Amino acid sequence: MFNKIYDIGANKGQNIEYFLGHSEKVIAVEPIHELSLQIEKNFKESVQSSKLKVLNFAVVTDENVTTVDFYLNTKKNWESSIIKNNQFEKRIVNTTTLSHLFNLYGYPDCLKIDIEGYDIELLKYMALNNISPDYLTIEVQNKKTLEYLLNNFKYEKFNFVLGHRVSKDYKSINLERHSSGPLGNDLKFKWVNKRMIKLYFFISKYGWVDIHCSKYEFDNKNKIGIFNTLFYLFFDKVFRKINPMVARVVGKLKTYY
């Protein structure tokens, strides 16, 4: 059980029900106004009881900035970002920073970040401002982000979640699609060191993968071991390459017959 979880990039609240069951307080931050309203509506009782705080902001790294251009993917809102994309709908949204949030609502012992391509900038801000909660989970889309995280923070234990497999890997927890996955002892794999998590990400090739970082130990009993985890990652990588080819062949056969 955590004391305070921050959900930075909450989207429509796919993680919030789970977070509420594993924390005394949840602060959900979402820049898309419609989605923040949806979260408040869906979790009305938790908002009224003050267990959940919903904030409509984009989290940035400049304390002096109050608004920012935001690029909304109207078809896939989870891909929206403050990173410029002329194919998306441009909006202006209000901003805040992690330091400002923590001054107002308290320091987290668990911080979840999913802000579509801006993650490494937020990590740099965290390192500069000595922000290092006991538990951190963040999307790692490339090697640069992983290396910066491992080299600039003093986490010792690591785990991961494949985003496209959350609903399959964690059926018993009933997590929604596009959820960032569970936390701590609810993860199915054994916690590992820096060297091994680097190997895991090398095999997975980054992308829609969340890393989980912890300063303390979790129970590794009855978890999937390293060898089987490597097999899992390798099989998933092969399947993701083969599956589109199979789908194309099947499609052509259906057209032919």
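Structure shown above.
Residues numbered from 1 in each chain as written. Predicted model: local features only at pLDDT ≥ 70, side-chain atom pairs only at ≥ 80, totals over all residues. Heavy atoms only, no water.

Description of the overall build of the protein
Here is step 1: When helices and strands are tallied, the protein shows nine helices and 10 strands.
Here is step 2: Taking 18 Å as the expected radius of gyration for a compact globule of 257 residues, we find that the protein reaches 19 Å, a close match to that expectation.
Here is step 3: Taking the principal axes of the C-alpha coordinates as reference, the protein spans close to 60 × 45 × 35 Å.
Here is step 4: Every one of the 257 residues in the protein was classed for burial, and the buried ones make up 48%.
Here is step 5: Mean positive and mean negative side-chain charge positions of the protein (37 and 28 charges, respectively) differ by 8 Å. (Helix = DSSP H or I, 4+ residues; strand = E, 2+ residues; numbered from the N terminus. Rg over C-alpha atoms; globule rule 2.2 N^0.38 Å. Buried < 20%, exposed > 50% of the residue type's maximum accessible area, 1.4 Å probe, protein only. Lys, Arg positive; Asp, Glu negative; His and termini not counted. Charge placed at Lys NZ, Arg CZ, Asp CG, Glu CD.)

Quick word on the packing of helix α5 (residues 119-128) against helix α6 (residues 143-152)
Packed helices, taken two at a time, are described by the angle their axes make and the gap between the axes.
Here is step 1: At their nearest, the axes of α5 and α6 sit 10 Å apart, and the two run at 15° to each other. Taken as axis vectors, α5 and α6 run roughly parallel relative to one another. You can see that α5 and α6 cross each other, and the crossing is left-handed. When α5 is examined against α6, the residues Ile120, Leu123, Lys124 and Ala127 are found in contact with a partner set consisting of Lys144, Thr145, Tyr148, Leu149 and Asn152.
Here is step 2: Among the residues forming the contact of α5 with α6, the class breakdown is five nonpolar, two polar and two charged. (Axes fitted to C-alpha atoms, helices over the stretch in contact; angles between N-to-C directions. Parallel < 35°, antiparallel > 145°, perpendicular 65-115°, else oblique. Left-handed = near helix turned anticlockwise from the far one by under 90°. Contact = heavy atoms within 4.5 Å. Nonpolar A, V, L, I, M, F, W, Y, C, P; charged D, E, K, R; others polar.)

Quick word on the environment of Ile197
Here is step 1: Summarising the element assignment, Ile197 is placed in helix α8 (residues 194-204).
Here is step 2: For Ile197 and Leu146, which are 51 residues apart along the polypeptide, the C-alpha to C-alpha distance reads 9.5 Å.
Here is step 3: Not counting the four nearest positions on each side in its chain, Ile197 is found in contact with Leu150, Phe158, Asn159, Phe160, Val192 and Ile211.

Considering the nonpolar core
Here is step 1: With 74 residues, the main nonpolar core has Ile8, Leu98, Phe160 and Ile211 as its most contacted residues.
Here is step 2: For this core, the element with the most residues is α8, which contributes five residues.
Here is step 3: Ignoring anything within four residues of it in the chain, the contact list for Ile8 reads Val29, Val59, Leu98, Leu101, Leu111, Lys112, Ile113, Asp114 and Ile115. (Core = buried A, V, L, I, M, F, W, Y, C linked by side-chain atoms within 4.5 Å.)

Quick notes on the sheet that holds strand β4 (residues 58-59)
Here is step 1: Strand order in the open sheet formed by three strands is β4-β6-β5, with mixed pairing between adjacent strands. Here the strands that pair on one side only, and so sit at the sheet edges, are β4 and β5 (67-72).
Here is step 2: Inspection of the sheet shows β5 paired to strand β6 (residues 89-96) by six bridges, in the antiparallel sense. Paired with Asp69 across the two strands is Ile92, which belongs to β6. (Pairing = 2+ DSSP bridges.)

Things to note about a nonpolar patch on the surface
Here is step 1: Together, Phe231, Phe235 and Phe239 line one region of the surface with nonpolar side chains, adding up to about 360 Å² of accessible area.
Here is step 2: Residue classification places Phe231 among the exposed residues on the basis of a relative accessible area of 56%. (Patch = residues over 30% accessible without salt bridge, like charges linked within 9 Å, V, L, I, M, F, W, Y side chains within 5 Å. Areas by Shrake-Rupley, 256 points an atom, 1.4 Å probe, with all protein chains shown as cover. Salt bridge = Lys/Arg side-chain N within 4 Å of Asp/Glu carboxyl O.)

Some thoughts on the pairing of β6
For a regular strand, side-chain orientation follows a simple rule: the groups alternate between the two sheet faces.
Here is step 1: In this sheet, β6 lies alongside β4 in parallel orientation, the contact comprising two bridges. Paired with Ala58 across the strands is Thr95, a residue of β6.

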